[in-house]
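# Chain and residue survey
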Amino acid sequence: MAKIVGSITSTHVPALGRAIAQNLQEDPYWKPFFDGFPPVREWLREVKPDVAVVFYNDHGLNFFLDKLPTFALGAAEQYVNADEGWGIPTLPPFRGDPALSWHLINALIEKEFDLTTCQEMLVDHAFTLPLKLLWPDDQICPVRTVPVCINTVQFPLPSAARCFKLGEAVGKAIESWDEDQRVVIIGTGGLSHQLDGTRAGFTNKAFDLKFMESLVSDPKWATQYSIEDLVELTGTQGVELLMWLAARAALPGKVRKVHANYHIPISNTAAGLMVLENL
Ligand code: DHB
Ligand code: FE
């Protein structure tokens, strides 16, 4: 049977693509962020995942306002990165895992999650850059991938409680996959940030740290909040923390924190990074 080795949750911002391309890891602005990653790479070398299930939110590359699924799951042989207009280099295609994708799709629809299934899917910075941070030396990402996309772009958004349930269902479905494969759960987005409007530049360190801690000790804590509450507390784009919640919910049972990092700001965003493992 498949085994979930743990979860990695991380912030994504497009400016990382430029920082990576220009080798700015030691630059004083970027260093506190990049310094979070070596322990995560060390952990990955120990747990040796074969495949990554990645909760992320598309920002208008694959889905736009005309057609925007609440939950979408990729079932492609590969996922292509394309220019989003940020002026950052695109990364080579990421290998898919259609067998795991279809196993998840069947299990989730059986559990009444009415997903959009995508046999072609472009992946944006939210998917590509965290994977590049985890495996920086590999030209092609060494694990196969299954993207799980949650709408945080166009209201109404799925509630925190619903995203938690989605994560739980994904975790259970992975554990029922009859293959001897090691699966890492990844969630990318957040933490607090707001890119537009009168509160542009808003972050909330106290909330972010409480949220990160809650994922270890009280994982459903954030489900008490409505989407409107979360926007108020974390900013219009801070709701991307739903990816962290879904990723945590995919882990069965109690967890321990392997590693965490928190730093404000990178670009406009409070950057968090956390690795959790089942006890
Ligand atoms: C930024 C953050 C994001 O989550 C994103 O998708 C795009 C930009 C930023 O802080 O610049
Ligand atoms: Fe984003």
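These notes cover the structure that comes with them. (Residues numbered from 1 in each chain as written. Chains lettered and ligands numbered in written order. Predicted model: local features only at pLDDT ≥ 70, side-chain atom pairs only at ≥ 80, totals over all residues. Heavy atoms only, no water.)

### Looking at the coordination of the iron ion (ligand 2)
Looking at the metal site, the iron ion (ligand 2) is ligated by His 12 (NE2), His 59 (NE2) and Glu 240 (OE), spaced 2.1 to 2.2 Å from it. A relative accessible area of 32% means that His 59 is categorised as partly exposed. (Donors = N, O, S within 2.8 Å, 3.2 Å for Na, K, Ca; no water. Buried < 20%, exposed > 50% of the residue type's maximum accessible area, 1.4 Å probe, protein only.)

### Examining unusual backbone geometry
Backbone torsion omega between Phe 155 and Pro 156 reads 5°, so that peptide bond is classified as cis. Note that Pro 156 resides in the loop between β8 (144-150) and α6 (160-175). Looking along the chain, the bond that leaves Ile 264 and enters Pro 265 is cis, with omega of -10°. Look at Lys 48: it is not a glycine, yet its phi comes out positive at around 50°. Counting through the fold element by element, Lys 48 comes out in the loop between α3 (38-47) and β2 (51-56). Unlike most non-glycine residues, Ser 267 shows phi in positive territory, near 55°. (Helix = DSSP H or I, 4+ residues; strand = E, 2+ residues; numbered from the N terminus.)

### A short note on the nonpolar core
One broad rule of soluble globular proteins: the nonpolar side chains tend to lie buried together. Val 53, Phe 55, Ile 185 and Phe 211 are the most contacted members of the largest nonpolar core, which totals 56 residues. With 8 residues, the top contributor of residues to this core is α6. If we ignore the near neighbours within four places in the chain, the residues touching Ile 185 are Ile 4, Gly 6, Ser 7, Ile 8, Val 53, Phe 55, Ile 174, Ala 247, Ala 250 and Leu 251. Within the second largest apolar cluster, 44 residues are counted, among which are Ala 52, Ala 76, Ile 88 and Phe 94. (Core = buried A, V, L, I, M, F, W, Y, C linked by side-chain atoms within 4.5 Å. Contact = heavy atoms within 4.5 Å.)

### Regarding a nonpolar patch on the surface
A grouping of Phe 64, Leu 65 and Val 153 is seen on the molecular surface, where their side chains present a nonpolar patch of about 270 Å² in accessible area. One can find Val 153 in the loop between β8 and α6. (Patch = residues over 30% accessible without salt bridge, like charges linked within 9 Å, V, L, I, M, F, W, Y side chains within 5 Å. Areas by Shrake-Rupley, 256 points an atom, 1.4 Å probe, with all protein chains shown as cover. Salt bridge = Lys/Arg side-chain N within 4 Å of Asp/Glu carboxyl O.)

### Observations regarding the sheet that holds strand β4 (residues 78-81)
By way of backbone hydrogen bonds, the strands of a sheet pair with one another, either parallel or antiparallel. The mixed open sheet is built from 3 strands, whose spatial order is β5-β4-β7. Of all strands in the sheet, those with a lone pairing partner are β5 (94-95) and β7 (122-123), marking the two edges. Strand direction decides the pairing type here: β4 and β7, joined by 2 bridges, are parallel. Pairing of Asn 81 across the sheet is with Val 123, part of β7. (Pairing = 2+ DSSP bridges.)

### Quick notes on the state of the cysteines
One pass over the full model with this rule turns up 0 disulfides. The thiol of Cys 118 is not disulfide-bonded; the next cysteine sulfur, from Cys 149, is found 7.8 Å away. On the basis of relative accessible area, Cys 149 is assigned to the buried category, the value being 4%. (Disulfide = S-S within 2.5 Å.)

### Thoughts on α3
Those residues of α3 that sit buried are Val 40, Arg 41, Trp 43, Leu 44 and Val 47. For α3, the buried positions fall inside an angular range of 160° around the axis, keeping them on one side. Facing away from the buried side of α3 by more than 90 degrees, the exposed set consists of Arg 45 and Glu 46. In the core, the buried residues of α3 are packed alongside β1 (3-10), α5 (125-134), β9 (182-188), β10 (255-266) and β11 (269-278). (Arc of directions from axis to C-beta.)

### Concerning helix α4 (residues 98-110)
Relative to the 18 Å expected for 13 residues at 1.5 Å per residue, α4 spans 18 Å between its end C-alpha atoms, a close match to the ideal helical length. Tucked inside the fold, the buried residues of α4 contact β2, β3 (71-74), β4, β6 (116-118), β8 and α6. Taken from the residues just after α4, Glu 112 is the one with a positive phi, measuring 75°. (Expected span 1.5 Å × (residues − 1).)

### Topic: the site of ligand 1
As a matter of local geometry, ligand 1 sits amid His 12, Val 13, Pro 14, His 59, Trp 86, His 125, His 193, Leu 195, Glu 240, Ser 267, Asn 268 and Thr 269. Within the side chain of Glu 240, a nitrogen or oxygen atom sits 3.2 Å from an oxygen atom of ligand 1. The contact in question runs from an oxygen atom of ligand 1 to an N or O atom on the side chain of Thr 269, over 2.6 Å. Protein contacts shield 95% of the accessible area of ligand 1, which totals 290 Å² for the unbound molecule. Because more than half of its atoms lie within 2 Å of the grid, ligand 1 is assigned to the largest pocket. Looking at the shell around ligand 1 residue by residue, the class counts come to 4 nonpolar, 7 polar and 1 charged. (Near = heavy atom within 4 Å. Polar contact = N/O pair within 3.5 Å; in protein donor to acceptor, adjacent residues only side chain to side chain. 1 Å grid on protein atoms, 1.4 Å probe; cavity = no way out; pocket = protein on both sides within 12 Å on 5 of 7 lines; lining within 4 Å. Sits in = over half its atoms within 2 Å of the grid points. Nonpolar A, V, L, I, M, F, W, Y, C, P; charged D, E, K, R; others polar.)

### A word on the packing of aromatic side chains
If you walk through the whole model with that rule in mind, you get 13 aromatic pairs. Ring geometry for Phe 207 against Trp 221: centres 5.4 Å apart, planes inclined by 40°, an arrangement best described as tilted. You can see Phe 207 sitting in helix α7 (residues 205-217) and its partner Trp 221 sitting in the loop between α7 and α8 (227-234), a full 14 residues away along the chain. Each member of the pair, Phe 207 together with Trp 221, is buried. If you follow Arg 199 out to its NZ or CZ, it ends over the ring of Phe 202, 4.2 Å from the centre. (Phe/Tyr/Trp six-rings, centres within 6.5 Å; stacked < 30°, edge-to-face > 60°. Lys NZ or Arg CZ within 6 Å of the ring centre and 35° of its normal.)

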